[in-house]
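For reference, the chains in residue letters:
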Amino acid sequence: SGVYNSTIGYVSQSGVQMRVNDSVSYDTVLSIDAGDSDDIEIHRGAFEGQRFLFASGAQSIVVDDASFSGSTTEQRYAMDVRCTSACDFNELSMTNVSKAIQLTGNGPFQFDALDISNAARGIDIVGTGDLTLSQTSIEATESALDSQGATTMVHDSFFNLTSNSRAISLVDRKSTRL
């Protein structure tokens, strides 16, 4: 399936089970609006536009084998996710974004094989959620990982700062394993 030159590519909401497979999306303002969806899955997709994913209170999100190319002039987060239950991201690559990912809510948030490049900010997580990063690579100019209040675990990951900023900031954390 494909979406071209659109304000929003795909929309899901509470009570709807949505599956997006083998999708292409170009020149969208927001590729996926997950809103407060109960169950959304994206498998094998290539997305390009201003923002990739927005969720205001999703209960379950799975993204597997997806890429997003954004715009470094867009000042909102390319992926802004508030999860009230499990949100899993596997083999996700993001490039050319000012702010890559903001996470809020309880989660847990699981990222396996995440690759962020050409970004100002990598991941910002705020609140009491749980974040696990495995085999992650983040290249950023301002901050690779900023965790405020979350339980954060990092395994086999690489953070590359391309300026004299901080790679990782952990504030008011419950526990952290690097």
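See above for the structure.
Small disclaimer: the values here were computed from a predicted structure and weren't measured. (Residues numbered from 1 in each chain as written. Predicted model: local features only at pLDDT ≥ 70, side-chain atom pairs only at ≥ 80, totals over all residues. Heavy atoms only, no water.)

Colleague: Just to check I follow, could you spell out the overall build of the protein chain for this structure?
Modeller: Check the secondary structure of the protein chain and you find zero helices and 14 strands. Mapped from its N terminus to its C terminus, the protein chain presents α and β elements in the order β-β-β-β-β-β-β-β-β-β-β-β-β-β. A compact globule built from 178 residues should have a C-alpha radius of gyration of about 16 Å, and the protein chain, at 15 Å, falls within 12% of that. Seen along its three principal axes, the alpha-carbon backbone of the protein chain occupies a region of about 40 × 30 × 25 Å. Looking at the protein chain as a whole, 48% of its 178 residues qualify as buried. Put simply, of all contacts in the protein chain between residues at least 6 apart along the chain, 24% involve residues at least 24 apart. When the 11 positive and 23 negative side-chain charges of the protein chain are each reduced to one mean point, those points stand 8 Å apart. (Helix = DSSP H or I, 4+ residues; strand = E, 2+ residues; numbered from the N terminus. Rg over C-alpha atoms; globule rule 2.2 N^0.38 Å. Buried < 20%, exposed > 50% of the residue type's maximum accessible area, 1.4 Å probe, protein only. Contact = heavy atoms within 4.5 Å. Lys, Arg positive; Asp, Glu negative; His and termini not counted. Charge placed at Lys NZ, Arg CZ, Asp CG, Glu CD.)

Colleague: What is the right way to read the pattern of salt bridges from this model?
Modeller: A pair can form between side chains of opposite charge whenever their charged atoms are brought close. In the structure shown here, the tally under the stated rule is seven salt bridges. The partner of Arg 44 in a salt bridge is Asp 22, and the shortest N-O contact between them spans 2.7 Å. Taken together, the positions of Arg 44 in strand β3 (residues 39-58) and Asp 22 in strand β2 (residues 17-35) put the pair 22 residues apart, joining distant regions of the chain. With a relative accessible area of 38%, Arg 44 lands in the partly exposed category. (Salt bridge = Lys/Arg side-chain N within 4 Å of Asp/Glu carboxyl O.)

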